[in-house]
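Chain by chain, the residues:
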Amino acid sequence: MSALHLRAVIARRGIDVTLDVAAGETVAITGPNGAGKSSLLGVIAGLLRPDDGEVRLGDRVLDATPPHARGVALLAQDPLLFPHMSVLANVAFAPRARGVRRRQANELALRHLTEVGAETLAGRRPTEISGGQAQRVAVARALAADPELLLLDEPMASLDVDVRPALRQTLRTALADRTAIIVTHDAADARALADRVVVIEHGHIVEDGPTEQVLDDPQSGFAVRLVSGSIK
Amino acid sequence: MTSRPGIAAVATAAVLVLTGCGSANGQADERDLTVFAAASLTDTFTELAERFEKEHPGVEVTTSFGGSSDLVAQIEDGAPADVFASADTKNMGKLGDLATDPRAFAANTLEIATPPGNPAKISGFQDLAEPGTKVVVCTVEVPCGNATAEMEKLTGVDIEPVSEEQSVSDVLAKVTSGDADAGLVYVTDVTAAGDSVTGVELEESGRVVNSYPISVLDGADDAELAQAFVDLVLSETGQKVLADAGFSQP
Amino acid sequence: MPRWLWFPAALAAAFIILPLAAIVLRVDPATLPALVTSPSALEALWLSLRTATAGTALCILLGVPLATVLARTSFRGQGLIRSLVLLPLVLPPVVSGLALLYTFGRRGLLGQSLDLVGIQIPFTTLAVVIAQTFVALPFLVISLEGALRTSGTRYEAVAATLGARPTTVFRRVTLPLVAPGLLSGSVLAFARCLGEFGATITFAGNLPGVTSTMPLQVYLLRVDDPDAAVALSLVLVVVAIAVIGFARHGRAL
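Fair warning: this is a prediction, and the values are worked out from it, not measured in the lab. (Residues numbered from 1 in each chain as written. Chains lettered and ligands numbered in written order. Predicted model: local features only at pLDDT ≥ 70, side-chain atom pairs only at ≥ 80, totals over all residues. Heavy atoms only, no water.)

Undergrad: Could you give an account of the overall build of chain A, naming the residues involved and the relevant values?
TA: What chain A contains, in helices and strands, is eight helices and 10 strands. Here the C-alpha atoms of chain A give a radius of gyration of 17 Å, agreeing with the 17 Å that 2.2 N^0.38 yields for 232 residues. Across the 232 residues that make up chain A, the buried fraction comes to 54%. For chain A, the proportion of contacts with a sequence separation of at least 24, taken over those separated by at least 6, is 64%. Only carbon and sulfur atoms are counted for the fraction: they give 47% of the accessible area of chain A, which is about 10100 Å². (Helix = DSSP H or I, 4+ residues; strand = E, 2+ residues; numbered from the N terminus. Rg over C-alpha atoms; globule rule 2.2 N^0.38 Å. Buried < 20%, exposed > 50% of the residue type's maximum accessible area, 1.4 Å probe, protein only. Contact = heavy atoms within 4.5 Å. Areas by Shrake-Rupley, 256 points an atom, 1.4 Å probe, with all protein chains shown as cover.)

Structure follows, in structure tokens:
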């Protein structure tokens, strides 16, 4: 696990953010739609080039590093399982990509599937499983990449309310000792998963503190609304 | 509902345009004559058609040039031709009774066409059989190919062509572009091609002579007018035009 | 839909179907087997299949990278390149043949240099393959580029964050995702290769067993031996129907 240092300026979107995440820490980023949360994840993952800034993971400066070599896995709102592969092959994708032999990769994949409680789905096609199951598999696939940093972009937003607690529990276990950033609009997610909450409005950090503190005594306008439950 | 007459008008207009039904041939003293002639006659028959129009005011001659076998097929399928001039007797023969009175009016012999300056230094028919020489001929189905095959048989020279083209003009195209070292075409084609090819005359050319027959066709709209055109071709004037283009006497 | 559309629609369908029926009706079932299996017909068919297969392979080899670059990048002049690449689609094949002759011919742009090292392309089977590839390539590029744009880049981004190098992503994610588009594009390209006439006769010439493909044979035989021409045409029609059926099926997958 490595610490993250991020500074990102995207002039067009009015984004100017500096953020540090300690090794093993999970930070929840929240804020109104369009505040630039997903863009920040894009910058960290290397999918989006900032106008100015720096991404440092551990002692590596990643600015010129292509996405595949960053050690940063991204779990999006949609599970985006590769439709032409079985569930097992999806999870085995990352190990195979870093050169692990097929048999070992499959064993590893099965272990991660078990970790998220989806081992019985191994032989299915992504089209044959439910949205909640698919997101579990996506978690397993991201974990199988053994990332130094895990990014989660509203991983539960597209799921039915009744399957969220189960996935939340899965993520709680998975994120326990990991450096991770989770973008969420759900106070319950933040409370369950994050050590720290960061609120972004109009491209800037307006509140930053331990989860308990931010959620129990919100200062920013968005945090107040989040806690009062007026945001869904 | 208003659109229906509109559609009908468009359709009628399209048919009129496509069939060439204009108001022009409404005048009583205008007469049409359609002449189908082998592609090798393009220049000469265009000139003769112009002369014919001048001598017969009010007559419009439409010419259609193509491979003799193509034209025969079109005539058999009912193309509205009044006169047909073929590059060989074989194709004229296919028409049978459709050709009322075939008469030979010209003859043509083979000649070698090479790219300008004759870069491969072809000097005679024998050279065409040299390995590595790229020779293009007409396919045996068309008259010039038939003549080529006959020449090979008579001289015992066995040409291995790189391509068997569908017409004389296809052969010439491959020669003028420089991709073929030589092509076998008619004397008149070499004449007509001017500077774009260099001709190499064949000593043996007299051994295979293609006779060109012409005939009024059964079913000609105006048989008298059609015969008048045939007569022009056979006349001294017609023969001079043909001789200038390189044709020999039948 | 207004009911009267049925009439012109039926007319349009008949306009396509009737000529095809006419050629089928023109076939003499008694002589068909002999005509289709005659040595010259088999020679032409074999040549056609060989060249069309090679042409399609070349289309895939060249078309997949081109379609990917067109779909996944943007650079100055890209629109122009795309238009030019699609040109053979609408160009008269004879013009394509002339263009190839002035490129690969003995005195052509590249042909002159090739000639110096002893490579001569016109009048060879390779020339047939080049002509076919030239006219068929746009079919593959256009269908594949469409498929690539539809499939989007989200899966590729995920694959990259999972640690897969660009080549691995291309091989294991991009290509499998557009496989149906690639398949139908290849089938269309194959059909176009098989039917190529104008560019072939202009650029490659006509020699049995070397450059005389099925369409050239049909053209040659149509006057002197119409029965044989019709028989060969029927073979081409049957192959075309099979190809269309296959392409539609592939799209539905």
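Next comes the rest of the description.
Undergrad: Lay out the interface of chain B and chain C with the relevant residues and their values.
TA: If you look at the interface, chain B gives 25 residues, while chain C gives 22 residues. Approximately 2000 Å² of surface area, both sides summed, lies buried where chain B meets chain C, with 50% of it carried by carbon and sulfur atoms. At the boundary of chain B with chain C, the tally comes to two salt bridges. Between B:D70 and C:R222 there is a salt bridge, and its shortest N-O distance comes to 2.4 Å. In this structure, the connection of chain B to chain C is made through eight residue pairs in polar contact (both at pLDDT 80 or more). Breaking the side of chain B that touches chain C down by element, the ones donating at least two residues are α3 (68-76), α4 (89-94), β6 (163-165) and α6 (168-176) of chain B. For the side of chain B that touches chain C, the class distribution of residues is seven nonpolar, seven polar and 11 charged. (Buried area = accessible area lost by both parts, 1.4 Å probe. Salt bridge = Lys/Arg side-chain N within 4 Å of Asp/Glu carboxyl O. Polar contact = N/O pair within 3.5 Å; in protein donor to acceptor, adjacent residues only side chain to side chain. Nonpolar A, V, L, I, M, F, W, Y, C, P; charged D, E, K, R; others polar.)

Undergrad: Any chance you could break down the state of the cysteines for me, citing the residues and the numbers?
TA: Every disulfide links exactly two cysteines, by a covalent bond between their sulfur atoms. Evaluation of the coordinates by the stated rule reveals one disulfide over all chains. One disulfide in the model links B:C138 with B:C144; its S-S distance is 1.8 Å. Its S-S torsion of approximately -95 degrees makes the covalent link between B:C138 and B:C144 left-handed. Neither B:C138 nor B:C144 differs from the other in exposure class; each is buried. Considering cysteine sulfurs only, C:C193 is the nearest to C:C59, which forms no disulfide, with 5.0 Å between them. You can call C:C59 buried: its relative accessible area is 0%. Taking the relative accessible area as the measure of exposure, C:C193 reaches 0% and is therefore buried. (Disulfide = S-S within 2.5 Å.)

Undergrad: Requested: an account of helix α8 (residues 223-234) of chain B, with residues and values cited.
TA: All names here are of chain B. Taking 1.5 Å of rise per residue, the 12 residues of α8 would be expected to cover 16 Å, and the 16 Å separating its terminal C-alpha atoms lies within 8% of that figure. Inspection of α8 places L225, A226, F229, V230, L232 and V233 among the buried residues, and these make up the whole buried set. When α8 is viewed along its axis, its buried side chains cluster within an angular range of 155 degrees and face the same direction. (Expected span 1.5 Å × (residues − 1). Arc of directions from axis to C-beta.)

Undergrad: Which residues make up the packing of aromatic side chains, and what are the values?
TA: For the structure on display, the rule yields 10 aromatic pairs over all chains. Between A:F82 and A:F93, the aromatic rings sit 4.8 Å apart at their centres with planes inclined by 55 degrees, giving tilted as the arrangement. With A:F82 in the loop between β6 (72-75) and α2 (87-97) and A:F93 in helix α2, this residue pair connects regions lying 11 residues apart in the sequence. Residue class for A:F82 comes out buried when judged on its relative accessible area of 0%. Judged by centre distance (5.3 Å) and plane angle (75 degrees), the ring pair of B:F52 and B:F229 falls under edge-to-face. With B:F52 in helix α2 (residues 42-55) and B:F229 in helix α8, the pair connects residues that are 177 residues apart, well separated along the chain. (Phe/Tyr/Trp six-rings, centres within 6.5 Å; stacked < 30°, edge-to-face > 60°.)

Undergrad: Report on the side chain of B:N108, specifying residues and quantitative values.
TA: Residue and element names in this part refer to chain B. Structurally, N108 can be placed in strand β4 (residues 103-114). With relative accessibility at 1%, the residue N108 sits in the buried group. At 2.8 Å, the side chain of N108 forms a polar contact with the side chain of T188. Side chain to side chain, N108 and Y212 meet in a polar contact 3.1 Å long. Dropping the residues within four chain positions of it, N108 is found in contact with Y186, V187, T188, V208, V209, N210, Y212, F247 and S248.

Undergrad: Which residues make up unusual backbone geometry, and what are the values?
TA: Residue A:H202 is not a glycine yet carries a positive backbone phi of 50 degrees. Among the structural elements, A:H202 can be located in the loop between β9 (196-201) and β10 (204-210). Its relative accessible area of 68% is what places A:H202 among the exposed residues. Look at B:N118: it is not a glycine, yet its phi comes out positive at around 50 degrees.

Undergrad: Go over the sheet that holds strand β3 (residues 26-30) of chain A, please, and point to the residues and values.
TA: All names here are of chain A. The mixed open sheet is built from six strands, whose spatial order is β6-β7-β8-β3-β9-β10. One side of each edge strand has no neighbouring strand; the edge strands of this open sheet are β6 and β10. The average undirected angle you get between the axes of adjacent strands in this sheet is 15 degrees. In this sheet, β9 lies alongside β3 in parallel orientation, the contact comprising four bridges. Along β9, the bridge assignment pairs I29 with V198. Together, β3, β6, β7 (149-153), β8 (180-183) and β9 form the strand contacts of helix α1 (residues 37-45), whose direction differs from that of β7 by roughly 150 degrees. (Pairing = 2+ DSSP bridges. Axes fitted to C-alpha atoms, helices over the stretch in contact; angles between N-to-C directions.)

Undergrad: Please set out helix α9 (residues 236-244) of chain B residue by residue, giving values where relevant.
TA: All names here are of chain B. Every buried residue belonging to α9 is among G238, Q239, V241 and L242, and all of these are buried. Looking straight down α9, one finds its buried side chains confined to an arc of 160 degrees; they lie on one side. Counted as exposed and oriented over 90 degrees from the buried face of α9: E236, K240 and D244. Looking at the packing, one finds that the buried side of α9 touches α2, β4 and α8. A positive phi of about 105 degrees marks G246, the residue just after α9.

Undergrad: Can you explain the interface of chain A and chain C? Please cite residues and give values.
TA: Opposite the 21 residues of chain A that make contact, chain C presents 16 residues. Between chain A and chain C lies a buried interface of about 1700 Å² when both sides are counted; carbon and sulfur atoms form 70% of it. The largest contributions to the chain A side of the interface with chain C come from A:H68, A:L80 and A:F93, which together make up 37% of the buried area. Joining chain A to chain C, the criterion identifies one salt bridge. Its salt-bridge partner being C:R154, residue A:D78 comes within 3.1 Å of it at the nearest N-O pair. The interface formed by chain A and chain C holds two residue pairs in polar contact (both at pLDDT 80 or more) in total. Sorting the residues of the side of chain A that touches chain C by element identifies β6, α2 and α4 (131-144) of chain A as the ones contributing at least two each. Broken down by element, the residue count for the side of chain A that touches chain C peaks at four residues, all from α2(A). The class makeup of the residues in the side of chain A that touches chain C is 16 nonpolar, two polar and three charged.

Bear in mind that shape data such as this cannot, by itself, settle questions of function.
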